[in-house]
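# A look at the structure
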Amino acid sequence: MLNLEQKKAVVADLRARSEAAQAAVLADYRGLTVDEVTDLRAQLTASGVFFKVVKNNLAKRAVEGTDMEALSEHFSGPTAMALTEDPVAAAKILTEFAKDHEDLEIKAGVLQGKPMSQQDLVALAQLPDRHTLLTQLAVGLNAPATKLARSLNAVPAKFARALAAVRDQKGEAA
């Protein structure tokens, strides 16, 4: 059992993490083995997602007055909370994990203060992750510059080939 000071520390930590997070996902983990939860936690942590099983009353106090307040009504029964700055990461990992582990039930989520249903979270999980999106953006931004460089390089190259052809013709004529 936690004493009052420990409970205050848990609430303060969760509040700080909730305020910093872009997205949160709640899940019911009943039926998962310790090994399965450990595997899930490792996957989430590797992607920068904070994942914690919390007491419902403490979690309600922690999200009160934050963008995550919409989750309050879903704090019932065993609840695990995933908080992340990458809006796609938690939804993607939890959705994929739930496909292989029927006991994991995704309850609800919040994205930048807006409540999300299970269907919304599944749709969000289908988006590319942040790293992939940034890579696609960089490639898209780089493409016009690459095409311009090729075009600018083509003009002198064509001119040089034309001069070489004229030189060759004059060499043959002589």
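Residues numbered from 1 in each chain as written. Predicted model: local features only at pLDDT ≥ 70, side-chain atom pairs only at ≥ 80, totals over all residues. Heavy atoms only, no water.

### Remarks on the pairing of strand β1 (residues 23–28)
To keep things clear, this is the line we draw: Relative accessibility decides the category of a residue: with a 1.4 Å probe and only protein chains considered, values under 20% of the type maximum give buried, values over 50% give exposed, and everything between is partly exposed. Numbering of helices and strands runs from the N terminus, with a helix taken as a DSSP run of H or I at least four residues long and a strand as a DSSP run of E at least two residues long. For two strands to pair, DSSP has to find at least two bridges joining them.
Of all 6 residues in β1, 6 are buried, a share of seventy percent or more. Residues A23, V25 and A27 point to one face of β1 and A24, L26 and D28 to the other, with burial holding for every one of them. With 5 bridges connecting them, β1 and strand β3 (residues 80–84) associate as antiparallel partners. Looking at the pairing, A23 lines up with T84 of β3.

### Quick look at a nonpolar patch on the surface
Put simply, the test is: To count toward a patch, a residue needs a relative accessible area over 30% and no salt bridge; like charges are then connected within 9 Å, while nonpolar side chains (Val, Leu, Ile, Met, Phe, Trp, Tyr) are connected within 5 Å. Accessibility throughout is a Shrake-Rupley quantity obtained with a 1.4 Å probe, and a residue counts as covered only by protein chains that appear here. Whenever Lys or Arg places a side-chain nitrogen within 4 Å of a carboxyl oxygen from Asp or Glu, that contact is recorded as a salt bridge.
A grouping of L134, L137 and L141 is seen on the molecular surface, where their side chains present a nonpolar patch of about 310 Å² in accessible area. Mapped onto the secondary structure, L141 falls in helix α6 (residues 130–173). We classify L141 as exposed; its relative accessible area is 61%.

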